[in-house]
Structures are given as C-alpha cells and as structure tokens.
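Okay, here's what each chain looks like letter by letter:
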Amino acid sequence: MRWNWLRSAPVWGMVLMSVIPNTLLAQAEEQEEQYQVGQAVPPMDEGSVLVPMSLEEAVTRALEMNLDLQAARLDPRIQRYSMVVAQAAFDPTISSTLGYNDSRSQSTSQLDGGAQTTTTRETYNASLSKTMPWYGGRLSASFNNSKSETNNVFATVNPNYRSSFQLGYTQPLLAGLKTDNQRTALQTQEIQGEITDLQLLTRVANISDQVRRAYWALRAAIEQIEIQRQNLAQANELLEQNRIRVQLGSLSELQVVQAEAQVVSAEQALLNAEIQWRNQELVFKSLLAGGADDPLFRQTINPTDLPVIEPRNVDLDQAIEFALEERTDLRQQRQQRQISDLNLAVTRNNTLPDLSLNASYSVQGVGGNRYERSGIGGDAELVEEGGYLDGLQSIWDRDTPTWNLSLNFSYPVGNNAAKASVERARLQIQQADLDLRAQELSVVTQVTDAGLAVRDTYLQLQAAQRSREVAERSADFEITRFNVGAATNYEVMQARDALTSARLSELRAIINYVNAIAEFERVQRVGG
C-alpha cells in the first residue's frame, strides 16, 4: 500500500503544481475585477473617525471656516470706515467759546471816567461751519454774546449786553468749483470700496479652487494607496506560487528571490503612497480648519464624490470675450484707471486761479439799563431798564443789519508745481493704460491655454484609458503563458508593473482633466 502511494507521488505533485497556482491566480484576477476607481477608503489610524465628505460640503466648510477668508472678509468693513473718514470732511463743525475778563486801569485823564475804572466782561460765543459736497462752497454761521459791566461814569448802558448773528457763504469760481481734494477723496473711496469687494470675490473663488484641487488630490492619493495595495497583493500571490513550484521542483530558487524583491518593492511603493496621502490630507484639512484646535485634525476624511468624465466643448472666442469683460483683475484695473482720472482732474483744477465769492449778512443788538447824565461826569439817571432779551429782540427785528459782498483773487506766479503735477498725472494714466493692455493680453493667453488644456487633457485621458486596457490584457496574457510554462517569472512581474503604472497614469489623467475644466471656468472670472 505504501509502495503504491510512493509510486503515485509524482502524479499528485503534477496535479498540485497545476491546480494550486491556477487557483491562486484566479483569486488575484477576481480581486482585480472587483476593484473600481472611487470605491477605495483611506487608511484608518487608531481612535480616528472616518468622515465622508462631498466636494460641495468641503467648499461650504472652507468658505465658513478658512482663516485667510475670514480675514479677507474684514477688508470691506475696514474700507467702509475709510469711506466714513472721507465723508467726515463734509460734516458740520460746531465750536463755542466761554470767557471771562476782569480789567482795572488807572486814570490819566479826567475823561477816563474815574480815578480807577473796573470793567468785567463775559463772552458766550458759538459757531457752525460746513463744507458743502457740491461746487466746493463753504457755509458758516456764528452767534456771539457778551456782557460787560463797569464803574466808568461815562457809560450810558450798564450792564451792557451785546449779541450778534452772522451768516456767510464762500463759493469758489475757478479752482475748487468742479472738484477739489475732499470730493476727489470721497469719490476715490467709493471706487476703492468696489475694488475691495472684487478682491474679496477673487479670494473666495481662489480658496474654492484650492479646496477643489486639494479634494481631488486627496481622492487620487487614496486611490493610489488602493492600487499599490493590489500590486502588493499580486506580488505576494506570485511569491507564494513560486515557493510552491520550487518545492515541487518546477522552478529555481532564483525566481523566489526575484518574487521577494518584487514584494519588497511593492511594500515600499505602498508606504510612499500612504505618506503622500497623509501629506495631502493635511493640506486639505488646513484649508477647511478654523484653527489649530479644530476637531477635523483628529478625523480621517473620505472624499465621496467621483469625477465626472464627459467631453467638454470649448468655445475660446466666447470665453475670451467673457473674460475681458467680467474678469475681476481687469475690472479692478479699470477702476484704478478711474481713480487716476479723478486725480488728473483735481490736479488740473488746482492749476486754475483761486477766485472766490464771499457773501455775508450780520445783525447786532444791544440791551441793558440805559442812563443819562447831566453834563460831563454828572450823576447817572436811569432812563430805561433793559437786559439780554432786548439785544435778542433787536436781532429779531433786524434793526442794524450789515451786508458784505467781496471777490478774492490769488494766483502763484508761474504755478510750476501744479503744472508739473498735471504732467505727472497724465504720464501715470498712460502707464495705467499700458498696464491694462498688458493684463488683457495676459488674460487672453491664460484663457487660451486653459481652453487648450481641456482638450489636451481629455485626449491624454483617452490615451491613458486605452493604455490601461492594453496593460490589463497584457497582464492576463502573461499570467496565462506563465501557467503553461511559456512565460518567466520576470515577464509576469514586468506585466504587472506596467499595469500598476497604467492605472496610476489613468488616475492622474482623470484628475488633470477635471482640474483643467475647473481652471478653464475660473480663469474666465477671476485672476490670481
């Protein structure tokens, strides 16, 4: 019986040699067929929580939590306060004066009103002035009051209440009529506010683009790990097959060593893929985190969206026309050009002579006790009692009005400083025009490059897909040849390396195409 088993051992060896490798290879092929792009999940660290996240969720979180964007959102608010500062130039100014004076003087003449005269004076003054936001005019009004009391024997009103009201207006007729520094500053801040809004819009768009790129890069890093895992599993399967065949005597030890080297190489490739994934996940989290203590850093993110691959029709002429009209950096430069126009206008206006029309109207009133004296230095006799309200009544009745109208003219001889400023402003406008033309050329180039990239990356994707399909067929063919002894261990490893490389190339081509479409859309709207 034992002799019969020994005689049949070679037969069983041949059976095992043909059945076991085929079974193991079939398992590897089944694993390859089950894998699809997008089904891979990231590695999980101990204690970490897997958080599925769509691209829309990632962008929404970044727009809410990103620290750079939070800081950028403060710029419009800061600019609004700059606007308030510019508007403050046209706010009215109120001023007032309260005073008290006690004066004593020795007499040097009998006409001084006494051997020593004492006079006390109290003042209560208020004024209002306002620069008008149109035509450069300035309005002023003042209301002055005083009370004086003296022992001078010649005084006829004692105590003496004096009140006056004055209204004036100054209107420039040449320089400062159409524009001036204050109105230019206000208009400049209004335009600057629009520029700040465009800068924020640009920042939002660029942050969203960074999140989108980081999202797909993270998805690609996870897929790369899965591809390298399959490569390692296939290398281990081949190693096990070679060991069995060596035991059965159909292979040499050299082929086992080659298979072990392939396993070590696959392990290294998997480790590198995991390192790239960790780095990419950190980049992605930094865009979404609201601070160093954000719980997101203790979680593992699994991007759930898959790139949509469909042909994209690129109309370059329409895209260039849209970009030249709507792109934010061009709009900012055009608004900067408007600021340069304002500066030129005010600089040119400052070269005009200073001719202003001044008009004022004032009225005064006096109140207090009225006295009469018989002769010089005679005794005072009260004629009429009065007070502060008498002066106000006189103002109301306009008993003593005063009108004033004048023209003031001044002009610096030569006025070289103002003329030089005008020429400098003109050159700055020419420079701004050239900068705008250069930026428009750059935009046309960027949009054209982005449009061509959409077409080129799609062609590259199609080529990568065909290359992967060929690599899959080639790997299957080499495995079949290996099973019948027509292929060497080295040829199988080469075919599997080519398949892994083709899969990685296809994955990169997919991400490149998706990014190219998004970049083509972005460069039509924002710069930077």
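For the structure given in this document, a descriptive report is provided here.

Each value, and the rule that gives it
Residues numbered from 1 in each chain as written. Predicted model: local features only at pLDDT ≥ 70, side-chain atom pairs only at ≥ 80, totals over all residues. Heavy atoms only, no water. Helix = DSSP H or I, 4+ residues; strand = E, 2+ residues; numbered from the N terminus. Contact = heavy atoms within 4.5 Å. Buried < 20%, exposed > 50% of the residue type's maximum accessible area, 1.4 Å probe, protein only. Phe/Tyr/Trp six-rings, centres within 6.5 Å; stacked < 30°, edge-to-face > 60°. Axes fitted to C-alpha atoms, helices over the stretch in contact; angles between N-to-C directions. Parallel < 35°, antiparallel > 145°, perpendicular 65-115°, else oblique. Nonpolar A, V, L, I, M, F, W, Y, C, P; charged D, E, K, R; others polar. Patch = residues over 30% accessible without salt bridge, like charges linked within 9 Å, V, L, I, M, F, W, Y side chains within 5 Å. Areas by Shrake-Rupley, 256 points an atom, 1.4 Å probe, with all protein chains shown as cover. Salt bridge = Lys/Arg side-chain N within 4 Å of Asp/Glu carboxyl O. Lys, Arg positive; Asp, Glu negative; His and termini not counted. Charge placed at Lys NZ, Arg CZ, Asp CG, Glu CD. Core = buried A, V, L, I, M, F, W, Y, C linked by side-chain atoms within 4.5 Å. Pairing = 2+ DSSP bridges. Expected span 1.5 Å × (residues − 1).

1. Regarding the overall build of the protein
No. 1: Each helix and strand in the protein was counted, giving 11 helices and 10 strands.
No. 2: Within the protein, counting contacts between residues at least 6 apart in sequence, those at least 24 apart form 80% of the total.

2. What about unusual backbone geometry?
No. 1: The linkage connecting asparagine 158 with the following residue, proline 159, adopts the cis geometry, with an omega of -5 degrees.
No. 2: On the secondary structure map, proline 159 appears in the loop between strand 4 (138-150) and strand 5 (160-172).
No. 3: The phi angle at tyrosine 135 is positive, at roughly 60 degrees, despite the residue not being glycine.
No. 4: Position of tyrosine 135 among the secondary structure elements: in the loop between strand 3 (116-131) and strand 4.
No. 5: When its relative accessible area of 53% is taken as the criterion, tyrosine 135 is described as exposed.
No. 6: We note that arginine 398 has phi near 50 degrees; this positive angle belongs to a residue other than glycine.
No. 7: Positionally, arginine 398 belongs in the loop between helix 9 (388-396) and strand 10 (401-410).
No. 8: Accessibility expressed as a relative area gives 53% for arginine 398, which makes it exposed.

3. Describing the packing of aromatic side chains
No. 1: Counted according to the given criterion, the structure contains five aromatic pairs.
No. 2: Considering the side-chain rings of tyrosine 215 and tryptophan 216, the 5.3 Å spacing of their centres and the 85 degrees angle between planes classify their relative orientation as edge-to-face.
No. 3: Take tyrosine 215: its relative accessible area is 0%, and that puts it in the buried class.
No. 4: The class for tryptophan 216 is buried, based on a relative accessible area of 5%.
No. 5: A centroid spacing of 4.5 Å and a plane angle of 50 degrees characterise the contact between tyrosine 361 and tryptophan 403, whose relative ring orientation is tilted. Linking tyrosine 361 in strand 7 (residues 354-367) with tryptophan 403 in strand 10, this pair joins segments that are 42 residues apart in sequence.
No. 6: Residue tyrosine 361 is classed as buried on the basis of its relative accessible area of 18%.
No. 7: A relative accessible area of 69% places tryptophan 403 in the exposed class.

4. Overview of the packing of helix 4 (residues 74-87) against helix 5 (residues 181-248)
No. 1: At a minimum axis distance of 9 Å, the contact between helix 4 and helix 5 shows a crossing angle of 175 degrees. As the angle between them shows, helix 4 and helix 5 are arranged roughly antiparallel. Counted together, Asp75, Pro76, Gln79, Ser82, Met83, Ala86 and Gln87 of helix 4 and Ala185, Leu186, Gln189, Glu190, Gln192, Gly193, Thr196, Asp197 and Leu200 of helix 5 form the full contact between these two elements.
No. 2: In terms of residue class, the contact of helix 4 with helix 5 is made up of six nonpolar, seven polar and three charged.

5. Things to note about a negative patch on the surface
No. 1: Where like charges cluster on the molecular surface, the negative patch consists of Asp315, Asp317, Glu321 and Glu325.
No. 2: Here glutamate 325 lies in helix 7 (residues 316-326).
No. 3: For glutamate 325, a relative accessible area of 53% gives the class exposed.

6. Digging into the nonpolar core
The tendency in soluble globular proteins is for nonpolar side chains to be buried as a group.
No. 1: Judged by nonpolar contacts, the single largest core of 39 residues is most densely connected at Met53, Ala58, Val211, Phe284 and Leu288.
No. 2: Mapped onto this core, the elements with two or more residues apiece are helix 2 (55-65), helix 5, helix 6 (253-288) and helix 11 (489-523).
No. 3: With 15 residues, helix 5 is the largest single contributor of residues to this core.
No. 4: Residue contacts for phenylalanine 284: discarding those within four places in its chain leaves Met53, Ala58, Val211, Ala214, Tyr215, Leu218 and Ile301.
No. 5: In this structure, Ile320, Leu436, Val447 and Ala464 belong to the second largest nonpolar core, which totals 18 residues.

7. What to know about the packing of helix 7 against helix 8 (residues 328-349)
No. 1: Where helix 7 contacts helix 8, the axes come no closer than 6 Å and their chain directions differ by 40 degrees. In terms of orientation, helix 7 lies oblique with respect to helix 8. Contacts from Ala323, Leu324, Glu325 and Glu326 of helix 7 reach helix 8 at Thr328, Leu330, Arg331 and Arg334.
No. 2: Of the residues assigned to the contact of helix 7 with helix 8, the class counts are three nonpolar, one polar and four charged.

8. Some words on the pairing of strand 7
No. 1: Sheet analysis places strand 5 next to strand 7, joined by 12 bridges and oriented antiparallel. Note on strand 7: the bridge partner recorded for threonine 170 is asparagine 358.
No. 2: With 10 bridges connecting them, strand 7 and strand 10 associate as antiparallel partners. Across the sheet, the residue bridging to tyrosine 361 is tryptophan 403, located in strand 10.

9. Here we look at helix 11
No. 1: An ideal rise of 1.5 Å per residue puts 51 Å on 35 residues; helix 11 measures up with 50 Å between its terminal C-alpha atoms.
No. 2: Counting buried positions along helix 11 yields 25 of 35 residues, so the element is predominantly enclosed.

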